[in-house]
Amino acid sequence: VTTFSLERQDARLLDAADPLAGFRDRFARDDPGIIYLDGNSLGMLPLATAERLTRLIRDEWGGGLIRSWDHWIDLPVQAGDELGRSLLGAAEGQVLVTDSTTVNLYKLSRAALGARPGRRVIVTDDDNFPTDRYVLAGVAGGQDAELRVIRTDMDQGVTAADVRAAVAGDTALVSLSHVAYRSGALADMPEITRIAHDAGALMLWDLCHSVGSVPVDLDGDGADLAVGCTYKYVNAGPGAPAFLYVRRDLQDQLRQPVQGWFSQQDMFAMGPAYQPVPGIRRFFAGTPDVLGIAAVEEGARLLGEAGIGRLRDKGMRLTGYLIELADAWLAPLGFALASPRDPGRRGSHVCLRHSEAARICQALARAGVLADFRAPDRLRLGPAPITTSFAEVWDALDMVRQITENQVYQEFPAAAGAPAG
Ligand SMILES: *Cc1c(COP(=O)(O)O)cnc(C)c1O
């Protein structure tokens, strides 16, 4: 059933009625010729962030020098609380902004394994993001544990039934992505968390493609642990630090393996033995990246102002619109949807399968439409709800149609896609 008209003028009407349209002007748009469908890989630059970082560098670092640590020291928890309040459904004192997603995965998965003595299995799935699979394999290998890998449908994502069949009395930890990096499939967080708990295991969610695109209710869903990056939908910039979440009542039961001085009680006593501080700060390693964390705080505030409910609503409509255009224009050209069709079962990005996806993606970039290629044969389109208009989706899909119909992609050599998930 078509619910959107496919005329370009109607895309303009959808934009005119969009309550979030005004947020587009809060981002740097130096090249008006670019249509950016990669905000799920590297979000755009909020103007407020550019101002905040300039002030931070000139005044707080340049002027305040080391004295500025008196308030910088609170930023990782303050930015974490902002993420928790605006986007993650986490009460304060449970989210810390520090390190990368990869490092946080290591810290939390090792800690979880240590907290379930006698249980030697970590469960994940083969559709999980590469760094997750590699880190979990490394943790399992180093701890004489087993990594049990669910086989997941690449386009539909992991199901609660898959997880139920994989967990048992030997399972210490289940670790999965909430929104799949390739297909955008959205996992059933409350149900899967319950299944892990019923087996006596802890649950670790990777929220890299969920935070800022779908509402997350960590406290409400009883999640134990979570990690996620901030340079995607949170728009905090390249390599900005990630966050980690540890449910309050678990914090003092867990011991993370990177026993750095920032997690030490009375750190400036410089004492002889490691004694971790209570609370969320025990998940620190070393000195946090102040510039990056300030950018996380700005990004989270901006999304909070837009409202995650409105962002979710627009994300479902943008991707629904994209899929209808693809059905009408691109299916006859050999494209197939490689994401869930039900908007309630996907995040804010969509994959289209095509044998020439890699070269089509390069031809799109030359035409000013920035998207991703994802192995094996997917064109991944991420219309981030805070920065993307319906007219841009129309123009981008029209460009895919022209490039494919006229075989413009033949001008490009077959090659791999760009980095970053
Ligand atoms: C982007 C992404 C990562 C990235 O991890 P880094 O440590 O920031 O490189 C990890 N997991 C998932 C699911 C991702 O989408």
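Keep in mind that what you see is a predicted model, and the values were worked out from it rather than measured. (Residues numbered from 1 in each chain as written. Predicted model: local features only at pLDDT ≥ 70, side-chain atom pairs only at ≥ 80, totals over all residues. Heavy atoms only, no water.)

## Brief notes about the sheet that holds strand β5 (residues 171-177)
Overall, mixed pairing links the seven strands, which are arranged β2-β8-β7-β6-β5-β3-β4 in an open sheet. The sheet terminates laterally at β2 (95-97) and β4 (146-150), the two strands that pair on one side only. Direction aside, the axes of adjacent strands within the sheet are offset by 20° on average. Of the strand pairs in this sheet, strand β3 (residues 121-125) and β4 are connected by five bridges, and their pairing is parallel. Looking across to β4, one finds that Ile122 is bridged to Leu147. (Pairing = 2+ DSSP bridges. Helix = DSSP H or I, 4+ residues; strand = E, 2+ residues; numbered from the N terminus. Axes fitted to C-alpha atoms, helices over the stretch in contact; angles between N-to-C directions.)

## Here's the deal with a nonpolar patch on the surface
A cluster of nonpolar residues, Ile57, Trp61, Leu65, Ile66 and Leu291, forms a patch on the protein surface that exposes about 510 Å² of accessible area. Its location among the elements puts Leu65 in the loop between α2 (47-63) and α3 (69-72). By relative accessible area, Leu65 is classed as partly exposed at 48%. (Patch = residues over 30% accessible without salt bridge, like charges linked within 9 Å, V, L, I, M, F, W, Y side chains within 5 Å. Areas by Shrake-Rupley, 256 points an atom, 1.4 Å probe, with all protein chains shown as cover. Salt bridge = Lys/Arg side-chain N within 4 Å of Asp/Glu carboxyl O. Buried < 20%, exposed > 50% of the residue type's maximum accessible area, 1.4 Å probe, protein only.)

## Re unusual backbone geometry
A cis amide bond links Ala375 with the next residue in sequence, Pro376, at an omega value of 0°. Relative to the elements of secondary structure, Pro376 occurs in the loop between β12 (372-374) and β13 (378-381). A positive phi angle, near 55°, is found at Asp144, a position not held by glycine. Here Asp144 is to be found in the loop between α6 (130-142) and β4.

## A word on the site of the ligand
The environment of the ligand is made up of 14 residues, and the closest members are Thr102, Asp206, His209, Tyr231 and Lys232. The backbone of Thr101 places a nitrogen or oxygen atom 3.5 Å from an oxygen atom of the ligand. For the ligand, whose accessible area on its own is 390 Å², the fraction buried by protein is 87%. Only α5 (101-114) and α6 provide two or more residues apiece to the shell around the ligand. Counted by class, the shell around the ligand contains four nonpolar, seven polar and three charged residues. (Near = heavy atom within 4 Å. Polar contact = N/O pair within 3.5 Å; in protein donor to acceptor, adjacent residues only side chain to side chain. Nonpolar A, V, L, I, M, F, W, Y, C, P; charged D, E, K, R; others polar.)

## Topic: the side chain of Asp38
Considering the arrangement of structural elements, one finds Asp38 in the loop between β1 (35-36) and α2. Despite being buried, Asp38 has no salt bridge partner; Arg380 is the closest side chain of opposite charge, sitting 4.4 Å away. Beyond its immediate stretch of four places on either side in the chain, Asp38 contacts Leu370, Ala371, Asp372, Arg380 and Gly382. (Lys, Arg positive; Asp, Glu negative; His and termini not counted. Contact = heavy atoms within 4.5 Å.)

## Comments concerning the nonpolar core
With 60 residues, the main nonpolar core has Leu83, Leu88, Val163, Val174, Trp205, Leu207 and Leu218 as its most contacted residues. If you tally residues by element for this core, the top one is helix α10 (residues 290-306), at nine residues. What Leu218 contacts, discounting residues up to four positions off in sequence, is Leu88, Gly89, Met189, Leu207, Ala223, Ala226 and Tyr245. Within the second largest apolar cluster, 37 residues are counted, among which are Phe4, Ile35, Tyr321 and Leu364. (Core = buried A, V, L, I, M, F, W, Y, C linked by side-chain atoms within 4.5 Å.)

## Here we look at the packing of aromatic side chains
Under the counting rule described, the total for this entry stands at eight aromatic pairs. Ring centres of Phe129 and Tyr181 lie 5.1 Å apart, and the angle between their planes is 90°; this geometry places the pair in the edge-to-face category. With Phe129 in the loop between β3 and α6 and Tyr181 in the loop between β5 and α8 (189-198), this residue pair connects regions lying 52 residues apart in the sequence. Judged by its relative accessible area of 24%, Phe129 falls in the partly exposed class. A relative accessible area of 10% means that Tyr181 is categorised as buried. With a centroid separation of 5.5 Å and 70° between ring planes, the pair formed by Phe262 and Phe284 is classed as edge-to-face. You can see Phe262 sitting in the loop between α9 (248-251) and α10 and its partner Phe284 sitting in the loop between α9 and α10, a full 22 residues away along the chain. (Phe/Tyr/Trp six-rings, centres within 6.5 Å; stacked < 30°, edge-to-face > 60°.)

## Overview of helix α1 (residues 8-16)
For α1, the full list of buried residues reads Ala11, Leu14 and Asp15. One side of α1 holds all its buried residues, which, seen down the axis, span an arc of 100°. Set apart from the buried face of α1 by more than 90 degrees, the exposed residues are Gln9, Arg12, Leu13 and Ala16. On its buried side, α1 packs onto α11 (308-330) and α13 (390-405). (Arc of directions from axis to C-beta.)

## Overview of the packing of helix α4 (residues 75-88) against α10
Running from N to C, α4 and α10 point in directions that differ by 20°, and their axes come no closer than 9 Å. With respect to α10, the element α4 is oriented roughly parallel. The two elements α4 and α10 meet at a crossing, and its hand is left-handed. Packed against α4, whose contacting residues are Leu75, Pro76, Gln78, Ala79, Glu82, Leu83, Ser86 and Leu87, the element α10 presents Val290, Ile293, Ala294, Val296, Glu297, Ala300, Arg301, Leu303 and Gly304 at the interface. Its residues placed into classes, the contact of α4 with α10 shows 11 nonpolar, three polar and three charged. (Parallel < 35°, antiparallel > 145°, perpendicular 65-115°, else oblique. Left-handed = near helix turned anticlockwise from the far one by under 90°.)

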